[in-house]
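Each chain, written out:
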Amino acid sequence: MGITKICCIGAGYVGGPTMAIIAQKCPQIQVTVVDLNEERIAAWNDEDVNNIPIYEPGLSDIVKEARGRNLFFSTDVEKAIDEAQMIFISVNTPTKTYGKGKGMAADLKFIELCARQIAKVAKENKIVVEKSTLPVRTAEAIKSILDNTGNGVKFQILSNPEFLAEGTAVQDLLNPDRILIGGDTTEEGQKAIQALVDVYANWVSEDRILTTNVWSSELSKLTANAFLAQRISSINAMSELCEKTGADVNEVARAIGMDSRIGPKFLKASVGFGGSCFQKDILNLVYIAKSYGLNEVADYWEQVIIMNDHQKRRFSNNIVKTLYNTVSDKKIAFLGWAFKKDTNDTRESAAIYVADDLISENAKIAVYDPKVSRKKVLADLDYLQSRAADENVNSVLSFENPYEACFNAHAVAILTEWDEFVNYDWQKIYDSMQKPAFVFDGRNILNGSDLEKIGFVYQAIGS
Ligand code: UDX
Ligand code: UDX
């Protein structure tokens, strides 16, 4: 029997878009997305689809099409669990901030809560799909909670890692490179896998749907993210060498990217990678390796994070050094706060760390991001706990308009690669700034020689 009712716990950056696409492509399946956060659910249900809580190009149109037809957002978690034959778990799994594994291991508190809630509510057999990125062998923990309910209900646990990237989530979901599904090798396990394959087969060709065992699936997700992040740290390491030697990292990236064995993607030197996944997943990998006593494996992957932290710090140090070793009371305009373009997500964004360093040097930061509010900027800085919240309030200026943000500034720093930055009237910005006027391009998106012609002192990563 095919699946007709799906529930997803967690209406975040992964759960929301993924379920919207499933609902759009499978009108015969009723999809209910639930979340504990009432505000978030209310925003998903907002009459004006432009107010949905997640900004992703193309998403609001899909929500508009499916919402109320077969896509529903609700806070009634128990009802949705009870009705669904298949339950996706898509809650967040932040790095632990306390106790054993602090700063390294994933905090599985929310996952366990979900498993317990499913165990409590379920009266019929169900398939539980782990969608959150999790440490290898988490499925086992979920299984053990679900298998011990004593009410005779049988659960199949599948691992179905998400590979979508924010900013391109809709395209990634519509045309995935692959779908990966891990399940038990038993007959029931294979049936559960097939049920999920059938859902995706509504729009993904079957040769792109890979099936494997649960552990390989879980580890594949961590490995994919570790490899991607490693490429960025590798090119960023070269960017520092390029700056010292007079080579240009963009040229180096172009030259190596044309080697078909290396390929051109993910070779953009930057102020450092951010996002909710890369750092968390690598720390997790490091933690798992250490827990098996594999210290060389752990050290190898940890270096990717060490390099990334170095790159962020190097960027802020360079701003201070270039501005005559002091930024005290100087206005530094930040263009961009999101961790990449086309998203309003700021988790682990390099901008947060660069701003934190500069505020510690008494700079005033004037932030403009087309999708990020002042409230979010302040919350991100407060989360670091480097200073009292009111000091952050006093140090961060926010503007609705990039020209105001840059007005009277000593320097402009590009932290996110938003397309619109390229098309600004840079002459106008130059005229309004303190002289000499500096641009620190953390994303290598501007045309340095054009800016130099205007009169800017221009510095990009890796050249
Ligand atoms: C999350 C994880 O961070 C990531 O590791 C994984 O790959 C996919 O799921 P994301 O969707 O970006 O990613 O997280 P987030 O936007 O924080 O959304 C999670 C949602 O779950 C939040 O809205 C939160 O309120 C909700 N939640 C959390 C619950 O509904 N119940 C809980 O018990 C915990
Ligand atoms: C990543 C993975 O790509 C995705 O498959 C997984 O499901 C979740 O984690 P995401 O974090 O949303 O996705 O975005 P991604 O495009 O991978 O970018 C991550 C960070 O790396 C961003 O800060 C981005 O600016 C940076 N980056 C990316 C670079 O600095 N250089 C590059 O060449 C590519």
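Computed from a prediction, not measured in an experiment: that's the story for all the values here.

**Some words on the overall build of the chain**
Point 1. Looking only at helices and strands, the chain features 18 helices and 14 strands.
Point 2. Taken along its principal axes, the extent of the C-alpha atoms in the chain is 75 × 50 × 45 Å.
Point 3. Counting over 463 residues, the chain shows a buried share of 52%.
Point 4. Considering only residue pairs separated by 6 or more positions, the chain has 75% of its internal contacts joining residues 24 or more positions apart.
Point 5. Here the chain has roughly 21,000 Å² of accessible surface; of this, 50% comes from carbon and sulfur atoms.
Point 6. Charged side chains of the chain number 50 positive and 62 negative; the gap between the two group centres comes to 1 Å.

**A short note on helix α5 (residues 109-121)**
Point 1. Taking 1.5 Å per residue as the helical rise, α5 with its 13 residues ought to reach 18 Å, and the 19 Å between its terminal C-alpha atoms agrees with that figure.
Point 2. The complete set of buried residues in α5 reads I111, C114, A115, I118, A119 and V121.

**Structural notes on the pairing of strand β5 (residues 126-130)**
Point 1. Of all five residues that make up β5, five are buried, and the element is covered over most of its length.
Point 2. Burial along β5 is two-sided: K126, V128 and E130 facing one way and I127 and V129 facing the other are all buried.
Point 3. Judged from the four bridges that link them, strand β4 (residues 86-89) and β5 form a sheet pairing that is parallel. Residue I89 lies in a different strand from β5, and its bridge partner there is E130.
Point 4. After leaving β4, the chain enters α5 and then returns to the sheet as β5, a path that is right-handed.

**With respect to the site of ligand 1**
Point 1. Around ligand 1 sit 19 residues in total, of which D35, R40, T133, K280 and R347 are the nearest.
Point 2. Note that an oxygen atom of ligand 1 is positioned 2.3 Å from one of the side-chain N or O atoms of K280.
Point 3. In this structure, an oxygen atom belonging to ligand 1 sits 2.6 Å away from a side-chain N or O atom of R347.
Point 4. For ligand 1, whose free accessible area comes to 690 Å², the fraction covered by protein is 92%.
Point 5. Here the residues of the shell around ligand 1 sort into six nonpolar, eight polar and five charged.

**Some thoughts on the packing of helix α1 (residues 15-25) against helix α3 (residues 59-66)**
Point 1. Between α1 and α3, whose axes approach to 9 Å, the crossing angle comes to 50 degrees. Here α3 runs oblique to α1, going by the angle between their axes. Our pair here, α1 against α3, has a crossing hand that is left-handed. For the pair α1 and α3, contact is made by P17, A20, I21, A23 and Q24 and by L59, I62, V63, E65 and A66, respectively.
Point 2. Classifying every residue of the contact of α1 with α3 gives eight nonpolar, one polar and one charged.

**Details of the UniProt feature "domain: UDP-glucose/GDP-mannose dehydrogenase C-terminal" (unreviewed entry) in the chain**
Point 1. The sites that UniProt annotates as "domain: UDP-glucose/GDP-mannose dehydrogenase C-terminal" (unreviewed entry) are residues 333-448.
Point 2. As annotated, residues 333-448 comprises 36% helix and 16% strand, and the C-alpha atoms at either end are separated by 18 Å.

The rules we used
- Residues numbered from 1 in each chain as written.
- Chains lettered and ligands numbered in written order.
- Predicted model: local features only at pLDDT ≥ 70, side-chain atom pairs only at ≥ 80, totals over all residues.
- Heavy atoms only, no water.
- Helix = DSSP H or I, 4+ residues; strand = E, 2+ residues; numbered from the N terminus.
- Buried < 20%, exposed > 50% of the residue type's maximum accessible area, 1.4 Å probe, protein only.
- Contact = heavy atoms within 4.5 Å.
- Areas by Shrake-Rupley, 256 points an atom, 1.4 Å probe, with all protein chains shown as cover.
- Lys, Arg positive; Asp, Glu negative; His and termini not counted.
- Charge placed at Lys NZ, Arg CZ, Asp CG, Glu CD.
- Expected span 1.5 Å × (residues − 1).
- Pairing = 2+ DSSP bridges.
- Right-handed = clockwise from strand over helix to strand, strands pointing away.
- Near = heavy atom within 4 Å.
- Polar contact = N/O pair within 3.5 Å; in protein donor to acceptor, adjacent residues only side chain to side chain.
- Nonpolar A, V, L, I, M, F, W, Y, C, P; charged D, E, K, R; others polar.
- Axes fitted to C-alpha atoms, helices over the stretch in contact; angles between N-to-C directions.
- Parallel < 35°, antiparallel > 145°, perpendicular 65-115°, else oblique.
- Left-handed = near helix turned anticlockwise from the far one by under 90°.
- UniProt positions renumbered as here; feature names shortened; annotations may be inferred.

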